[in-house]
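# A closer look at the structure
Here is how the chains run, residue by residue.
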Amino acid sequence: MKKIKLVYVAILSLGIFFASCEDGEDGVDGINGVDGVDGADGEDGADGEDGTSPMMVDAAGLLLASIEADGGIPYDANNPTLSFTAEENVFLPSVLGIDFRTDRSIVPAGPTARFPMFQGWETTPEGQREAHYIITEASDRGLARLLGVIYAPRMADAIGSNGEQNSQWTDDGRLIFEGSVDFSPKRSLTPGGTSEDGLLVGFPPAAVTPGAIADENWSSYVVLPDTDVVINAQLVANSTGIHDRIPNPDGNSQADEDDQNNPNLDRNQASVVMQLLDGWQNGKPYYFHIVTDTSNPGPATIELGVYAPRLNNLPTFGLFPGGSMLPFSPTANGRTFDNGDGFGVQGLNAASLSDRQVQDPTNTFPIDPRDPSYAPMWDAHITEFTIPEADRPILRSFEQINDLLADGTLVPFRGNINQNPLANSLSDLLTATGAIINCPVITQPSESVIGTQIGSPRN
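Summary of the structure given here.

About the thresholds
Residues numbered from 1 in each chain as written. Predicted model: local features only at pLDDT ≥ 70, side-chain atom pairs only at ≥ 80, totals over all residues. Heavy atoms only, no water. Helix = DSSP H or I, 4+ residues; strand = E, 2+ residues; numbered from the N terminus. Buried < 20%, exposed > 50% of the residue type's maximum accessible area, 1.4 Å probe, protein only. Areas by Shrake-Rupley, 256 points an atom, 1.4 Å probe, with all protein chains shown as cover. Contact = heavy atoms within 4.5 Å. Core = buried A, V, L, I, M, F, W, Y, C linked by side-chain atoms within 4.5 Å. Pairing = 2+ DSSP bridges. Lys, Arg positive; Asp, Glu negative; His and termini not counted. Salt bridge = Lys/Arg side-chain N within 4 Å of Asp/Glu carboxyl O. Polar contact = N/O pair within 3.5 Å; in protein donor to acceptor, adjacent residues only side chain to side chain. Phe/Tyr/Trp six-rings, centres within 6.5 Å; stacked < 30°, edge-to-face > 60°.

Helices and strands together make up the secondary structure of the protein chain, namely five helices and 29 strands. The 459 residues of the protein chain split such that 61% are buried. With the model as given, the accessible surface of the protein chain reaches about 16,200 Å², and the carbon-plus-sulfur share is 48%.

Here it is, written out as structure tokens:
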């Protein structure tokens, strides 16, 4: 796939992404009756002593054996490598290390996490190509437990939507994906100008080039062979380059962003380090997540993710609690300066104006992965402030967002394309943009943990 330049024209309806939703108070905790879904009993009804089907035991065994064969340490659900505290509040028990340091004057790349990395094969027009990937969620409880990833049953709703991709096993137990990703494009972003009313500055961008582009067959929602189980698998490296969320050794240089020798891509130990993004949830900060891929080139560029257009087919856009996605609400034009209140800056404008790996949009999310309604695909509902920048607060919960929508301080972003706000049960005043962002949530630690490290968070 050639390196392409994508200009933000219909981009007002695209620049969507980050998560701003709130605490789950509005009945977001037992949606669709999925509360506490029991035991992964598997499609064939057979189960082990913990309800895990033999097929899932076999699948987990193949995947974990590949980690060991590649020089890594396979996750052991009964004896995990790391033990996390309640204050660290880690949702992905298989991670091999987390750096909770947020001071970029000390750590230029900011917070990071090390993930187990699997080797598999992607399918290109020229044939199969070796690729490396991570797994962050599974729709089967037993498989999620064995792999040490997040259990997200809603992902199974993607099957049959044409937003997922199928996979096959090789003879030696490696996954073959239907699609592929080209990591060779050079990421670039040209900030937009100031809108006529002076409210929008920098966002939407005038032009974007994502640093990675997936083909029409690639989706990170991958159906395991001969099952109805979906895993969230993201390619992080192949012969064309590496994922932009893998920090360079100096933390912020773009000089060798596709360097196959980047020490944070450790093929000899089957692990990879990725930058975490910050966010808000339930009025609390440090909702650390990664962005893997998005359905739109705008957020893919701003968030350093893969542009994967197949994600547009996932069900159901603009609708909650139905479908396989969750709504969130980035703000288009939050604060671009720190006014000293300790909350910093926020917004897609701030992210569009900043350099690589320097400023996250710091959006707010509705629920965390402990909620059975959680899914890693977020359906963006962008807000826009109507007041001067000096008066704009940091958005920390969906309750706050709804209050500000009600009094006119916030309005739906002028680029939102879904005219039916009632489709989003988290707000009857907010519309959707049409952009989907894959944001697996890794941890939401307490303040006492910030500044510490656990395990091996980076090379």
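A separate point is helix H5 (residues 398–406). For H5, every residue scored as buried is listed here: Phe398, Gln400, Ile401, Asn402, Leu404 and Leu405. At its buried positions, H5 is contacted by strand S25 (383–385) and strand S26 (410–412). The first or second residue beyond H5 is Gly408, which carries a positive phi of 85 degrees.

We now examine the nonpolar core. The tendency in soluble globular proteins is for nonpolar side chains to be buried as a group. Within the largest apolar cluster, 87 residues are counted, with the highest numbers of intra-cluster contacts made by Phe115 and Leu143. When residues no more than four places from it in sequence are discounted, the contact partners of Leu143 are Thr52, Met56, Ala59, Ala60, Ala138, Leu224, Val229 and Ile231. Listed in part, the nine residues of the second largest apolar core include Phe385, Leu395, Ile401 and Leu405.

Before going further, it helps to examine the pairing of strand S24 (residues 377–380). Taking every second residue as pointing to the same face, both faces of S24 are buried, with Met377 and Asp379 on one and Trp378 and Ala380 on the other. In terms of strand pairing, S24 meets strand S27 (residues 436–438) through three bridges, oriented antiparallel. Residue pairing across strands places Trp378 opposite Ile437, the latter belonging to S27.

The next point concerns the environment of Val273. With respect to the secondary-structure elements, Val273 resides in strand S17 (residues 271–275). Along the primary structure Val273 and Asn248 are separated by 25 residues, whereas in three dimensions their C-alpha atoms are 9.8 Å apart. Not counting chain neighbours up to four residues away, the residues in contact with Val273 comprise Thr112, Ala113, Arg114, Arg245, Ile246, Pro247, Asn264, Pro457, Arg458 and Asn459.

Glancing now at the environment of Leu430. By the secondary structure assignment, Leu430 is in the loop between S26 and S27. Residues Leu430 and Ile401 lie 29 residues apart in sequence; the distance between their C-alpha atoms is 9.4 Å.

Our next topic: the sheet that holds S17. Strand order across the open sheet formed by five strands is S16-S17-S3-S2-S29, with antiparallel pairing between neighbours. The open sheet has two free edges, formed respectively by strand S16 (265–266) and strand S29 (453–455), since each of these has just one partner strand.

It is worth spelling out the side chain of Arg310 at this point. Structurally, Arg310 is set in the loop between strand S21 (306–307) and strand S22 (326–328). Buried and without a salt bridge, Arg310 has Glu178 as its closest oppositely charged side chain, separated by 4.8 Å. Within the structure, the side chain of Arg310 is placed 3.1 Å from the backbone oxygen of Glu216, a separation counted as a polar contact. Filtering out sequence-adjacent residues up to four positions away, Arg310 remains in contact with Asn162, Gly163, Glu164, Gln165, Glu216, Asn217, Trp218 and Ser219.

All right, on to the packing of aromatic side chains then. Tallied over the entire structure, the rule returns eleven aromatic pairs. Between Phe328 and Phe365 the ring centres are 6.2 Å apart and the planes differ by 15 degrees, which places this aromatic pair in the stacked class. Here the residue Phe328 occupies a position in strand S22, and Phe365 occupies one in strand S23 (residues 364–365), the gap between them amounting to 37 residues. We classify Phe328 as buried; its relative accessible area is 0%.

Cis geometry marks the peptide bond from Phe203 to Pro204; its omega dihedral reads 0 degrees. On the secondary structure map, Pro204 appears in the loop between strand S10 (188–190) and strand S11 (207–209). Of note, Leu304 is a non-glycine position whose phi angle comes to about 60 degrees, a positive value. Inspection of the secondary structure assignment puts Leu304 in the loop between helix H3 (297–302) and S21. Since its relative accessible area comes to 1%, Leu304 is described here as buried.

Glancing now at the environment of Asn162. With respect to the element layout, Asn162 can be found in the loop between strand S6 (150–151) and strand S7 (165–169). With relative accessibility at 43%, the residue Asn162 sits in the partly exposed group. In sequence terms Asn162 and Leu314 are 152 residues apart; their C-alpha atoms lie 7.0 Å from each other. Excluding anything up to four places from it in sequence, Asn162 contacts Arg310 and Asn313.

Keep in mind these values describe shape, not function.
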